[in-house]
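Residue-level structure breakdown
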Amino acid sequence: MGFLSKLFGRKKDEEKKEPLKIAEVEIDEILEKNEEISEEVKEKKETVQESIEKKVEKVEAKKEIEDDIKSEAIVEKNSEEAQVIKEVKEEKKGFFASLKDKLFKSREGLFGTLKSFILGRSVIDDEMYEELEDILIQSDIGMDMTVKIVKELEKEVKRRGVKDPKEVYPVLREVMEGFLIKENNEIHIEDGKLNVILVVGVNGVGKTTTIGKLASKYVKEGKKVILGAGDTFRAAAIEQLEEWANRAGAEIVKSTQGSDPGAVVFDTLVAAQSRGADIAIIDTAGRLHNKNNLMKELEKIHNIIKKKLGEQKYESILVIDGTTGQNALNQAKVFNEVTELTGFIITKLDGTAKGGIVFSISEEIKKPIKFIGVGEKIEDLREFNANEYIQAIFD
Ligand code: GDP
Ligand code: MG
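Let me sum up the structure you'll find in this document. Note that the coordinates shown come from a computational prediction; the quantities given were computed from them, not determined experimentally.

1. So, the sheet that holds strand 2 (residues 225-230)
Pairing in this open sheet of 8 strands is mixed, and the strands run 3-2-4-1-5-6-7-8 from one edge to the other. This sheet does not close on itself; its edge strands, each paired only once, are strand 3 (251-253) and strand 8 (381-383). Taking each pair of neighbouring strands and ignoring which way they run, the sheet shows an average axis angle of 25°. Relative to strand 5 (residues 315-321), strand 1 (residues 195-200) runs parallel, the two being bridged by 4 bridges. Counted as the bridge partner of Ile197 is Glu315 from strand 5.

2. Notes on the nonpolar core
Ranked by internal contacts, the top residues of the largest apolar core, which has 72 residues, are Ile305, Phe359 and Tyr389. When we break this core down by domain, the ones giving at least three residues each are domain 1 (93-177) and domain 2 (193-384). Not counting the four nearest positions on each side in its chain, Phe359 is found in contact with Phe111, Ile141, Met145, Met176, Leu180, Tyr389, Ile390 and Ile393. Core analysis: the next-biggest nonpolar cluster, separate from the first, contains 23 residues, Ala215, Tyr218, Ile238 and Ala248 among them.

3. Focus: the packing of aromatic side chains
All told, the structure shown has 5 aromatic pairs when counted by the stated rule. Aromatic side chains Phe111 and Phe394 sit 5.1 Å apart centroid to centroid with 55° between the ring planes, which places their arrangement in the tilted category. Here Phe394 lies in helix 13 (residues 386-394) and Phe111 lies in helix 3 (residues 110-119), a separation of 283 residues in the sequence. Phe394 matches Phe111 in its accessibility class, with the two residues each being buried.

Definitions and cut-offs
Residues numbered from 1 in each chain as written. Chains lettered and ligands numbered in written order. Predicted model: local features only at pLDDT ≥ 70, side-chain atom pairs only at ≥ 80, totals over all residues. Heavy atoms only, no water. Pairing = 2+ DSSP bridges. Helix = DSSP H or I, 4+ residues; strand = E, 2+ residues; numbered from the N terminus. Axes fitted to C-alpha atoms, helices over the stretch in contact; angles between N-to-C directions. Core = buried A, V, L, I, M, F, W, Y, C linked by side-chain atoms within 4.5 Å. Buried < 20%, exposed > 50% of the residue type's maximum accessible area, 1.4 Å probe, protein only. Domains from an automatic or database assignment. Contact = heavy atoms within 4.5 Å. Phe/Tyr/Trp six-rings, centres within 6.5 Å; stacked < 30°, edge-to-face > 60°.

If you want it as structure tokens, here you go:
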């Protein structure tokens, strides 16, 4: 090889070698890059892993929180339910206990006297029946009813061959229960119709209070109730009914003191029909100068209701103060003449040691007792159930 060729050859070799070097460098660079990339990938992987872990953590935490909320809600719901159940139980217990408690004066009074009298006798004789008559008459049961009860008792005692005076007491209980009217004891409420309840009675017997209690009962049952302030005699009477309406969650239609009660009754029925009310309860005045005035006013009110309802029946309830005794019977007779009564509500039975009116009213005017008032509070109204009543005063 000549010098030149050698030179060139070497050059060529070097030239040949050059690209290799470049490639080596490139490879190194690439490898380095690769390493960097793989490092980056690793890092990225790690961060992704981390973020996944974090996300999982978050999801788990969220689930935990949700579970907590759910279980808390369940606990809350359970305790709410438990509370409701407790309240219902207490109300039930309260109802039975309280009917007995509320009538304790009658139980201790009239019926306590009856019991100790009968149990204290050693023989069943005429004297026993005579004394029994005295006790019953003193307890507002009235002469006619007393005679009927004692006659029936005598008959039953003989028929059953009862010899022991102690066994007379349960027979008396049965006989007295037998005289209570047990049909139509409910205020008739029909769904999908406007049910009208007209409430009448002399001043102070408890009409407005009873209307408030009734309204509360029906509102609690989910009914839409409108009260009509038909006692326009005193401004206080309208305010009193308004207070009860608010307490009960009922609506009220009222006018000013001294305005025509008939117009209030008419407006109440119009409002009740147009607002789709289920029940309209109408309060009336009890203090009118004389029987004629009362008759005229009540007749007018009845005619307005009849005209508005057509064939449809309505309740006309006489409220009687259970503490007024025989005078209550006279009231019942007067009101029954002027209004077609469908039944009675006897109030203030918590305040009397007699309570005989419950028996004599059924005898005097053959209409059922629908409710009894046993206190001044909103819940102090009980459906009248002959058996429950007897149980509460005899046992
Ligand atoms: P109204 O004039 O017929 O409307 O009679 P009120 O509704 O104004 O009642 C007259 C009084 O009797 C008020 O003090 C009532 O709180 C009370 N009263 C009503 N019902 C009862 C009851 O069932 N028991 C007791 N103890 N008081 C009652
Ligand atoms: Mg009143």
